[in-house]
Amino acid sequence: MKTIHSISVILTVFLLSCTGQTNGQSQQSVQKTLDEQHQTARPQRLAPPRGYEKVKLPEGSFASFLRHLPLKEAGSDLHYYNGSVKQRNYDGAVVDVDFGYGVADQCADAVIYLRAVWLWRTKQYDKIHFNFTNGFRADYARWAKGERIHIDKNTWKCWYSKDTGADYSYKTFRKYLNIVFTYAGTASLEKELSTITGKELQVGDVIINGGHPGHTVIVVDKAVNKAGEAVYLLAQGYTPAQEIEIFNQWFCINPQVKYLETPGWYFRGNYAKRFQ
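Calculation notes
For every chain, the first residue of the written sequence is number 1, and numbering continues from 1 along that sequence. The model is predicted, so local features are restricted to residues of pLDDT at least 70 and side-chain atom pairs to those at 80 or more, both for listing and for counting; the totals for chains, interfaces and linings are taken over all residues. Note that water and hydrogens are dropped before the side-chain values are worked out from all heavy atoms of the structure. Comment: elements are numbered from the N terminus, with helices defined as DSSP H or I runs of at least four residues and strands as E runs of at least two. Buried means the residue's accessible area, taken with a 1.4 Å probe over protein chains only, is under 20% of the maximum for its type, while exposed means over 50%, and partly exposed covers the values in between. N or O atoms closer than or at 3.5 Å make up a polar contact, with two conditions inside protein: a donor-capable atom paired with an acceptor-capable one, and, for residues adjacent in sequence, both atoms drawn from side chains. Residues enter a nonpolar core if they are buried and are Ala, Val, Leu, Ile, Met, Phe, Trp, Tyr or Cys, with the set joined through side-chain atoms within 4.5 Å. Any two residues whose heavy atoms approach within 4.5 Å are treated as being in contact. Pairing of aromatic rings covers Phe, Tyr and the six-membered ring of Trp, with a centre-to-centre limit of 6.5 Å; geometry is then stacked below 30 degrees between planes, edge-to-face above 60, and tilted otherwise. The patch calculation keeps residues exceeding 30% relative accessible area without a salt bridge and links them within 9 Å when they carry like charges or within 5 Å when they are nonpolar (Val, Leu, Ile, Met, Phe, Trp, Tyr). Residue burial considers only the protein chains on display, and all accessible areas are found by Shrake-Rupley using a 1.4 Å probe. Salt bridge, as used here: a side-chain nitrogen of Lys or Arg that lies within 4 Å of a carboxyl oxygen of Asp or Glu. Multiplying 1.5 Å by the residue count of a helix minus one yields the expected span of that helix. The predictor's confidence in any single residue is recorded as pLDDT, a number from 0 to 100. We treat two strands as partners when DSSP finds at least two bridges between them.

Asker: Can you break down the side chain of Asp-221 residue by residue, with the values?
Answerer: Within the fold, Asp-221 resides in strand β11 (residues 215-224). Taking relative accessible area as the criterion, Asp-221 reaches 0% and is therefore assigned buried. A polar atom in the side chain of Asp-221 sits 2.8 Å from the side chain of Arg-67.

Asker: Could you give me a rundown of the nonpolar core, with the residues and numbers involved?
Answerer: The biggest cluster of nonpolar side chains holds 60 residues, and the ones touching the most others in it are Ile-128, Phe-132 and Tyr-176. The element contributing the most residues to this core is helix α3 (residues 107-121), with eleven residues. Beyond its immediate stretch of four places on either side in the chain, Ile-128 contacts Ala-116, Leu-119, Trp-120, Ala-138, Asp-139, Tyr-140, Ala-141, Phe-173 and Tyr-176. Ile-196, Val-217, Ile-253 and Tyr-271 belong to the second largest nonpolar core, which has 18 residues in total.

Asker: Before we move on, can you summarise the packing of aromatic side chains with the specific residues and values?
Answerer: Summed over all chains, the structure comprises 21 aromatic pairs. An angle of 45° between the planes, with centres 5.5 Å apart, marks the rings of Phe-132 and Phe-136 as tilted. Phe-132 gets classed as buried once you look at its relative accessible area, which sits at 2%. Ring plane angle 55° and centroid distance 5.9 Å describe the contact between Tyr-170 and Phe-173, whose orientation is recorded as tilted. In this pair, Tyr-170 and Phe-173 are both assigned in helix α5 (residues 170-183), three residues apart and thus about one turn of the helix distant.

Asker: Help me get a handle on a nonpolar patch on the surface, residues and values and all.
Answerer: There is a patch of nonpolar side chains on the surface, built from Val-257, Tyr-259 and Tyr-266 and spanning about 250 Å² of accessible area. Mapped onto the fold, Tyr-266 is located in strand β15 (residues 265-268).

Asker: Any chance you could break down α3 for me, citing the residues and the numbers?
Answerer: For α3, which comprises 15 residues, the first-to-last C-alpha distance of 22 Å matches the rise-based estimate of 21 Å (1.5 Å per residue) to within 8%. The element α3 is largely enclosed, with a buried count of 14 among its 15 residues. Where α3 ends, the next residue or the one after it, Lys-123, has phi of about 55°, a positive value.

Asker: Describe the pattern of salt bridges, listing the residues and the values that go with them.
Answerer: Within the structure shown, the criterion is met by eleven salt bridges. Notably, a salt bridge pairs Lys-72 with Glu-243, separated by 2.5 Å at the nearest N-O pair. Taken together, the residues Lys-72 in the loop between α2 (62-67) and β2 (78-79) and Glu-243 in the loop between β12 (230-236) and β13 (245-246) connect sequence positions 171 residues apart. In this structure Lys-72 comes out as partly exposed when scored by relative accessible area, which is 22%. Residue Glu-243 is classed as buried on the basis of its relative accessible area, which comes to 1%. The salt bridge partner of Glu-245 is Lys-86, with a shortest N-O separation of 3.7 Å. Linking Glu-245 in strand β13 with Lys-86 in strand β3 (residues 85-87), this pair joins segments that are 159 residues apart in sequence. Taking the relative accessible area as the measure of exposure, Glu-245 reaches 4% and is therefore buried. A relative accessible area of 30% places Lys-86 in the partly exposed class.

Asker: Provide a residue-level description of the confidence of the model for the protein, including the pertinent values.
Answerer: When pLDDT is averaged across the protein, the result is 87; 84% of the residues are at 70 or more. Here residues 1-43 scores under 50 on pLDDT; set against residues more than four positions off or in separate chains, the count is 92 contacts.

Asker: Lay out the environment of Tyr-259 with the relevant residues and their values.
Answerer: In this fold, Tyr-259 is placed in strand β14 (residues 259-262). Residues Tyr-259 and Tyr-271, twelve residues apart in the sequence, show an inter-C-alpha distance of 8.1 Å.

Asker: With reference to specific residues and values, describe the side chain of Asn-248.
Answerer: As for its placement among the helices and strands, Asn-248 is situated in the loop between β13 and β14. Accessibility expressed as a relative area gives 3% for Asn-248, which makes it buried. From its side chain, Asn-248 meets the backbone oxygen of Asp-91 in a polar contact 3.1 Å long.

Asker: Talk me through α5; I want residue IDs and the actual numbers.
Answerer: Over its 14 residues, α5 extends 20 Å from the first C-alpha to the last, a length consistent with the 20 Å expected when each residue adds 1.5 Å. Along α5, the positions that sit buried rather than exposed are Thr-172, Phe-173, Arg-174, Tyr-176, Leu-177, Ile-179, Val-180, Phe-181 and Tyr-183. Elements that come into contact with the buried residues of α5 comprise α3, β5 (129-131), β6 (137-139), α4 (140-144) and β7 (147-152).

Asker: How would you sum up the pairing of β15? Please name residues and give values.
Answerer: Direction of pairing for β14 relative to β15: antiparallel, over a ladder of four bridges. In the sheet register, Thr-262 faces β15, and the bridge partner there is Trp-265. Remark: two residues form the turn of the hairpin made by β14 and β15, two consecutive strands paired antiparallel; Gly-264 in that turn has positive phi of roughly 95°.

Pasting the structure below:
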């Protein structure tokens, strides 16, 4: 993506993006989270376009968790799972979390990781469950109680057995996620989400085309102007596996328009989904 320095050009490009022709982007400065724009005299990195303000989000919600994701320093390189550089001096933001260091940490897994970590932190253990591509439901609550998932790789039959004692630690939780990352994907994740029928997205909603290949991104922030028009920040993982990135770009998205172009993927159909 090219960085645009002229304010007039930014406004022109942004207006075009709202018509579905392109998407606007802006250059901002260093910030540790997405929601600290009033704590510095300098423009905020990933700040909304001029005339837009971020929507209020309930404290402790999944949406608030996404807005406050920890970020690496501005200008950090974006890395693949093996440590090689995908993009030097990345102009968006690289999310500073425990993700993107394993070969299985791909696009659907980035969405699963963010959702699961928030549920785990808020101790909503019974809500942490994801389906494998073969339809098997992997429940974290059972895993935490000491049950382990076994897989016959000849038949792909899966089952639980009580193998150890209860453990709700992050280490054990992360092992649960690793097995989910290995056997889930966009095809299975899409089936678990409900389709959004309205014209507006909320923070935490998912843009997804399930398949082999497929792709998915997640809404991590939202801003509106006085006319009620909304713009959204999107984050993604990718294949090959990489760190989670947030695009330096606010998108005008209307789920009624059955196509959406993002860096690296062109979404089609009923792509707008929501966790139930």
